[in-house]
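Next come the chains, spelled out residue by residue.
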Amino acid sequence: MKGASNQFLVDSEAKAFDLFHRETINYNISKYDFSVSQGLSRFFNLENSKKRAFTHKWKAIENLDRYLLEFEQNFNRKGGKVIWANNDKEAREEILQIVRKHGIKTAVKSKSMATEEIELNDFLKENDVDCYETDLGEYIVQLLGQKPYHIVTPAMHLRKEEIAALFHEKFGTPIDSSPEQITQKARELLREKYLSADLGITGANFLIADTGSIAITENEGNGRLSMTFPKVHIALVGIEKVLPNLADLDLFWPLLATHGTGQNLTVYNSLISGPKSSAETDGPEHMYVILLDNGRTELLGKKELRQGLYCIRCGACLNACPVYKNIGGHTYNTTYSGPIGSVISPHLKGMEEFKHLSYASSLCGNCSTVCPVKIDLHKMLLINRRDSVKGGLSPWMEKTGWNFWKMGMIHQKLLDKIPFEWKRFFLKVFFQKSWGKKRNLPPIAPISFHELWLEKNPIPKD
Ligand code: SF4
């Protein structure tokens, strides 16, 4: 669909020339870079850890059917219920059934990209359930009516002064509130919601097959509170999050923490294996894990692209990407932005509508270099491009341009007969839009290389 790619071009241009945005992002990413470089230096052998992580994920994804069933069996054994959802619609319907069954009116939600993927907040609102984001960054973007800007730091595009002004407007806090004062206010507002909510919604960073547990990593403790007080807990989790063994966390927790924020380990790491038992005082009475496919098996079915499922959502490739830093997260208009978003979105949401994201890359390879699970991201962007061309999805203009180019390359003499002014004209007509209005196309030399060569090396006459 042309609409999405045209909108992407318009929004990219607007953001790329928004100096305020650029300064904010560069500042926030420079702080991230500093912390991450310190965090990574604490690895005894980082490269080896990354290779091991790749191998572990390879094993998990190649045996996904087996590990998911193992997870289900172990989780159900402890009183939980696993539900399988083929797509976003099915996941929403399953959640609605749970909501109706337990008479739920209020929900608290911790940060989860899977819930963004199925647009759960809007759906719950339509069905008369008040749902409150409890992660501070998510809460801020919810107050603004925006989508998360980044998969790890949803409010990365905002300065502290902007957030202070938002809290001043909404809650009457001082206009010059410090981050600590803002956090304190959010805490006051949200504490009461945890206590009154009927439902806690979370995602999960990992599904552990051999223990039937979900592993949740967070820095604010809001995820833990969302799972503790409400009588019902739903975890919506992508099927690719599975790890075979509990011991795998020994590798993945530090890798995720350092690449996500530069910490040795994230502050709160919870392992939940079902609803509260009769011997426990805290925790939900009912717990559901919804395993979400939503296009993931489409990726699984493509051998060259399967690596896209290894992602542990650390966000490192976004922060390393020169395109992301200039156009920002909202421009992608997808749940997952940056390089990993460009790789997987065409498969999760449709190649025709989202193929343009695979072209939004300089192919510098920085994303692949920083990835803790060694996903060959920039190669996969090329595979997406190839597949979209093979699938006949290139625009007419581009196809025609390349056909002319091919003809010219095959019939060199014919090409030399065309005056260079004409060649410049054709280049402008066919390529200026994709080259960018603000960039000059390379000039065509008055004399072609072929002619120049013949001039300097004339073919001897017998
Ligand atoms: S692709 Fe790699 S770097 Fe990017 S978010 Fe996923 S794990 Fe992190």
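Described below are features of the structure shown in this document. (Residues numbered from 1 in each chain as written. Predicted model: local features only at pLDDT ≥ 70, side-chain atom pairs only at ≥ 80, totals over all residues. Heavy atoms only, no water.)

We now examine helix 19 (residues 377-390). Helix length check: helix 19 (14 residues) gives 20 Å between terminal C-alpha atoms against 20 Å at 1.5 Å per residue, within 8%. Buried within helix 19 we find L377, M380, L381, I383, N384, R385 and S388. On its buried face, helix 19 sits against helix 14 (316-320), helix 16 (338-349), helix 17 (351-354) and helix 18 (366-370). Immediately downstream of helix 19, the backbone of G392 shows phi near 70 degrees, a positive value. (Helix = DSSP H or I, 4+ residues; strand = E, 2+ residues; numbered from the N terminus. Expected span 1.5 Å × (residues − 1). Buried < 20%, exposed > 50% of the residue type's maximum accessible area, 1.4 Å probe, protein only. Contact = heavy atoms within 4.5 Å.)

It is worth spelling out the site of the ligand at this point. Near the ligand lie 14 residues; those nearest to it are C311, C314, G315, C317 and C371. Per-class residue counts for the shell around the ligand are twelve nonpolar, one polar and one charged. (Near = heavy atom within 4 Å. Nonpolar A, V, L, I, M, F, W, Y, C, P; charged D, E, K, R; others polar.)

Attention now moves to the pattern of salt bridges. All told, the structure shown has 14 salt bridges when counted by the stated rule. Among the ionic pairs, R159 bridges to E23, the shortest N-O distance being 3.5 Å. Of the two residues, R159 sits in the loop between helix 8 (136-144) and helix 9 (160-171) while E23 sits in helix 2 (residues 19-41), which places them 136 residues apart along the sequence. Ionic pairing is found between K109 and E133, a salt bridge with its closest N-O pair at 2.8 Å. Here the residue K109 occupies a position in strand 2 (residues 106-109), and E133 occupies one in strand 3 (residues 130-133), the gap between them amounting to 24 residues. By relative accessible area, E133 is classed as buried at 1%. A single network of salt bridges, built from pairs that share partners, joins E117, E240, R296 and R313. (Salt bridge = Lys/Arg side-chain N within 4 Å of Asp/Glu carboxyl O.)

Before going further, it helps to spend a moment on the packing of aromatic side chains. A complete count under the given rule lists twelve aromatic pairs for this structure. Both rings, one in F8 and one in Y332, keep their centres 6.0 Å apart while their planes meet at 65 degrees; by these two values the pair is edge-to-face. With F8 in helix 1 (residues 2-16) and Y332 in the loop between helix 15 (322-327) and helix 16, this residue pair connects regions lying 324 residues apart in the sequence. In this structure Y332 comes out as buried when scored by relative accessible area, which is 2%. Ring pairs connect the aromatic residues F8, Y149, Y324 and Y332, which therefore count as one cluster. Sitting above the plane of the F20 ring, R159 keeps its charged end 3.9 Å from the centroid. (Phe/Tyr/Trp six-rings, centres within 6.5 Å; stacked < 30°, edge-to-face > 60°. Lys NZ or Arg CZ within 6 Å of the ring centre and 35° of its normal.)

Turning our attention to the pairing of strand 4 (residues 199-202). As a general feature of sheets, a regular strand has side chains that alternate between the two faces. Residues of strand 4 alternate between two faces, with L199 and I201 on one and G200 and T202 on the opposite face, all of them buried. Where strand 2 and strand 4 come together, three bridges link them in parallel fashion. Following the sheet pairing, K109 is matched in strand 4 by I201. (Pairing = 2+ DSSP bridges.)

Grouped together as the largest cluster of nonpolar side chains are 75 residues, with contacts concentrated most on F206, L207, I214 and V289. Ranked by the residues each element gives to this core, the list is headed by helix 12 (residues 249-260), at six residues. If we ignore the near neighbours within four places in the chain, the residues touching L207 are L68, F71, S213, I214, V237, G238, K241, V242, L243, V289 and L291. Residues A85, I201, I234 and L292 belong to the second largest nonpolar core, which totals 24 residues. (Core = buried A, V, L, I, M, F, W, Y, C linked by side-chain atoms within 4.5 Å.)

Together, W396, M397, I418, W422, F425, F426 and V429 make up an exposed nonpolar region whose accessible area comes to about 760 Å². Looking at the nonpolar patch, the elements that each hand over two or more residues are helix 20 (396-410) and helix 22 (420-435). Looking at the nonpolar patch element by element, the count peaks at four residues for helix 22. Turning to its location among the elements, W396 is positioned in helix 20. On the accessibility criterion, W396 (62% relative accessible area) is exposed. (Patch = residues over 30% accessible without salt bridge, like charges linked within 9 Å, V, L, I, M, F, W, Y side chains within 5 Å. Areas by Shrake-Rupley, 256 points an atom, 1.4 Å probe, with all protein chains shown as cover.)

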